[in-house]
Amino acid sequence: MQSSQNGERELFKSRAGFILAAVGSAVGLGNMWRFPYVAAEGGGAAFVFLYILLTLSIGIPLMLSEFSVGRGSRLSPIGALRKLGGPWWSILGYMYVITGFIILAYYSVIAGWVVRYAIDGILVGFPVDPGEQFGIVTTGMSPIWYHLGIMATTILIVSLGVQKGIERAALVLMPVLFGILIFLAIWAFTLDGAMEGYVEYLRPSLGELLNPKILSQAAGQAFYSLSLGMGCMLTFSSYLSDKTDMGRESVTIAASDFGVAFIAGLVVFPVIYALGIQGDVSESTVGALFIALPGAFVEMGAVGRVVGILFFIALIVGAVTSAVSLLEVVVASVIDEFKFPRRAASIAGGVLIAIMGLIPASSLDLLGLVDKLAEAMLALGAFFMAIFVGWVAVGAADEMKKGAGERSKRMVPLVMTAVRFVLPPMILFATVYAFIAVVVEYRSAFGG
Ligand code: PHE
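Residues numbered from 1 in each chain as written. Predicted model: local features only at pLDDT ≥ 70, side-chain atom pairs only at ≥ 80, totals over all residues. Heavy atoms only, no water.

Before we go on, may I ask you to explain the site of the ligand in this structure?
If you check the shell around the ligand, you find 15 residues, and the closest are Ala26, Gly30, Tyr107, Tyr224 and Ser227. A distance of 3.1 Å is found between an oxygen atom of the ligand and a backbone nitrogen or oxygen belonging to Leu29. Between the ligand and Ser225 there is a distance of 3.1 Å, counted from a nitrogen atom to a backbone nitrogen or oxygen. Taken by itself the ligand offers 330 Å² of open surface, and the protein chains cover 100% of this. Elements represented by at least two residues in the shell around the ligand include exactly helix 2 (15-26), helix 3 (29-41), helix 11 (212-226) and helix 16 (301-338). Residues belonging to the shell around the ligand are distributed by class as follows: 7 nonpolar, 8 polar and no charged. (Near = heavy atom within 4 Å. Polar contact = N/O pair within 3.5 Å; in protein donor to acceptor, adjacent residues only side chain to side chain. Areas by Shrake-Rupley, 256 points an atom, 1.4 Å probe, with all protein chains shown as cover. Helix = DSSP H or I, 4+ residues; strand = E, 2+ residues; numbered from the N terminus. Nonpolar A, V, L, I, M, F, W, Y, C, P; charged D, E, K, R; others polar.)

Laid out in structure tokens, this is it:
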């Protein structure tokens with residue numbers, strides 16, 4: 001990716017390469033670690049229903065908005081917003097880069113725990129006392145080493161560039177993830193007690209549907225899961241050819257992301273209910289998956305061990321491809337703004353984030369707090385993106401039509417109307433709620 005040196009921006013080689021890279025960004029810990037427990041908290045089926053609704057009504061228009069800014073400018077967020085909106089808008093670009101820093105710093109820590117669970121699973125099996133094991137995995141030097149390992153891998157992939165690094169990694173890794181997850185869902189179906197899990201997961205409790213807190217949580221989860229609100233999809237689309245039908249791609253990406261989250265729920269819930277460990281899960285949010293599932297795997301003996309290892313491998317794959325996309329936002333910005341060569345930008349950005357990550361790596365309370373903060377920053381970033389594309393940037397609609405098929409073209413006016421009138425108030429509402437949640441989390445964790 002000697003883009004800035006010779007003026008030729010490196011592009012994705014294939015349609016599948018772009019889609020899998022974007023899906024790789026979207027699919028990650030957000031789907032498999034966050035979605036199932038947020039869904040359970042939010043009233044099961046009611047949450048799932050709201051989530052689908054918000055993915056369609058807010059997620060897809062917002063993704064298309066980011067695509068139009070990225071491909072329209074062929075720049076990373078800071079330069080893109082400056083080019084299409086003037087110097088003040090570059091501030092939003094800087095905010096995106098900072099959000100990328102913050103998310104990757106703790107995301108990589110959680111990904112590190114996952115690696116440790118996978119390796120332990122292979123070498124010694126899953127823990128008999130999962131609560132205690134979670135404590136061991138998340139304290140002392142262990143989380144730090146694994147976090148550094150994840151960061152090193154991420155830096156390596158990003159430094160190889162779009163085609164050789166990001167696209168190739170996604171083409172190999174994403175099918176692996178899909179395969180493992182589908183296998184796991186079929187296996188979970190065969191468990192005694194699976195039915196109870198499905199019921200809990202999907203039973204509608206319609207009272208929750210109108211609860212504003214649930215609504216804003218579903219919106220926040222949608223941004224998080226679709227990698228929206230921090231210029232990630234914007235950056236990827238800056239490597240996209242003009243022939244791409246961005247409307248169609250955004251639907252494909254959103255549908256795949258939802259599919260993976262939904263299937264993850266079909267794995268997690270039966271396992272939890274088959275073993276009657278629902279109590280453990282609602283205790284700790286960040287720890288739920290890590291305490292509940294290994295406990296389940298250990299009770300299921302040798303089969304459980306194999307299945308558990310596969311589950312954690314799928315989780316690593318998802319987490320690494322998402323981490324790559326987070327670092328790419330930072331790196332692309334450093335390349336475009338400061339004309340760094342790609343490798344230097346990857347190392348500089350990555351090392352800085354790795355150092356920042358030492359903080360959440362050493363405190364679970366802080367990590368939980370940063371997770372809430374990330375959600376709020378994404379919502380805020382999404383709000384300004386909607387304002388930008390709806391009211392500031394000229395030519396967004398034309399960019400959306402470029403390369404689009406008839407069906408996508410016909411949707412553009414509807415999308416633009418949504419971006420102008422529906423998204424800003426709804427996202428603002430979600431943003432306010434998300435920042436309130438940060439304060440609540442802070443108080444409960446630090447008693448301030
Ligand atoms: N979408 C990723 C996930 O679900 C997380 C992420 C958020 C990645 C924002 C990039 C940007 O795990």
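Sorry if this is basic, but what is going on with the environment of Phe446 here?
Positionally, Phe446 belongs in helix 21 (residues 406-446). For Phe446, a relative accessible area of 38% gives the class partly exposed. It is 26 Å that separates the C-alpha atoms of Phe446 and Ala40, two residues lying 406 residues apart in sequence. Look past the residues within four positions of Phe446 in its chain and what remains in contact with it is Asp365, Leu366 and Leu369. (Buried < 20%, exposed > 50% of the residue type's maximum accessible area, 1.4 Å probe, protein only. Contact = heavy atoms within 4.5 Å.)

Honestly, the side chain of Asp245 in this entry has me stumped. Any pointers?
Of note, Asp245 is situated in the loop between helix 12 (232-237) and helix 13 (246-275). Despite being buried, Asp245 has no salt bridge partner; Arg248 is the closest side chain of opposite charge, sitting 4.5 Å away. A polar contact is formed between the side chain of Asp245 and the backbone nitrogen of Arg248, at a distance of 3.1 Å. For Asp245, the residues in contact, after removing those within four places along its chain, are Gly403, Ala404, Gly405 and Ser408. (Lys, Arg positive; Asp, Glu negative; His and termini not counted. Salt bridge = Lys/Arg side-chain N within 4 Å of Asp/Glu carboxyl O.)

I keep staring at the pattern of salt bridges and nothing clicks. Help me out?
Any two side chains of opposite charge can pair, so long as their charged atoms come close to each other. Evaluated as defined, the whole model comprises 11 salt bridges. A salt bridge links Arg9 to Asp336; the shortest N-O distance between them is 3.3 Å. Of this pair, Arg9 sits in the loop between helix 1 (3-6) and helix 2 while Asp336 sits in helix 16, placing them 327 residues apart in sequence. Accessibility classification places Arg9 together with Asp336 in one group, the buried group. Glu375 is the partner of Arg34 in a salt bridge, and the nearest nitrogen-oxygen pair spans 2.6 Å. Highlighted residues: Arg34 in helix 3 and Glu375 in helix 19 (residues 364-392), separated in sequence by 341 residues. Taken together, the salt bridges that share partners define one network made up of Arg71, Arg74, Asp242, Glu399 and Lys402.

How should helix 11 be read in this particular structure?
With 15 residues, helix 11 extends 21 Å from end C-alpha to end C-alpha; this agrees with the ideal 21 Å at 1.5 Å per step. Across the 15 residues that make up helix 11, a large majority, 12, are buried. Within the sequence span of helix 11, burial applies to Ile214, Ser216, Gln217, Ala218, Ala219, Gly220, Gln221, Ala222, Phe223, Tyr224, Ser225 and Leu226. Looking at where helix 11 begins, the residue whose side-chain oxygen comes 2.9 Å from the main-chain nitrogen of Lys213 is Asn211. At the exit of helix 11 stands Ser227, carrying a positive phi of roughly 60°. (Expected span 1.5 Å × (residues − 1).)

Explain the environment of Lys13 here, please?
If you trace the backbone, Lys13 turns up in the loop between helix 1 and helix 2. Linking Lys13 and Val162, residues 149 residues apart in sequence, is a C-alpha distance of 9.0 Å. Setting aside chain neighbours within four positions, we find Lys13 in contact with Gln163 and Glu167.

Can you walk me through unusual backbone geometry in this structure?
Leaving glycine out, the prevailing phi sign among residues is negative, and the prevailing peptide bond configuration is trans. In the Ramachandran plot, Arg74 falls in the positive-phi region, its phi being about 55° despite a non-glycine side chain. Looking at the element boundaries, Arg74 is found in the loop between helix 4 (45-73) and helix 5 (77-85). Residue classification places Arg74 among the partly exposed residues on the basis of a relative accessible area of 24%. For Lys339, which is not glycine, the phi dihedral falls at a positive 55°.

What is the right way to look at the packing of helix 3 against helix 11 in this model?
When two helices pack together, their arrangement is given by the angle between the helix axes and the distance between those axes. At a minimum axis separation of 11 Å, helix 3 and helix 11 run at an interaxial angle of 170°. As far as their axial angle goes, helix 11 and helix 3 are roughly antiparallel. Across the interface between the two elements, Gly30, Asn31, Arg34, Phe35, Val38 and Glu41 of helix 3 pack against Ile214, Gln217, Gln221, Tyr224 and Ser225 of helix 11. Class assignment of the residues belonging to the contact of helix 3 with helix 11 gives a composition of 4 nonpolar, 5 polar and 2 charged. (Axes fitted to C-alpha atoms, helices over the stretch in contact; angles between N-to-C directions. Parallel < 35°, antiparallel > 145°, perpendicular 65-115°, else oblique.)

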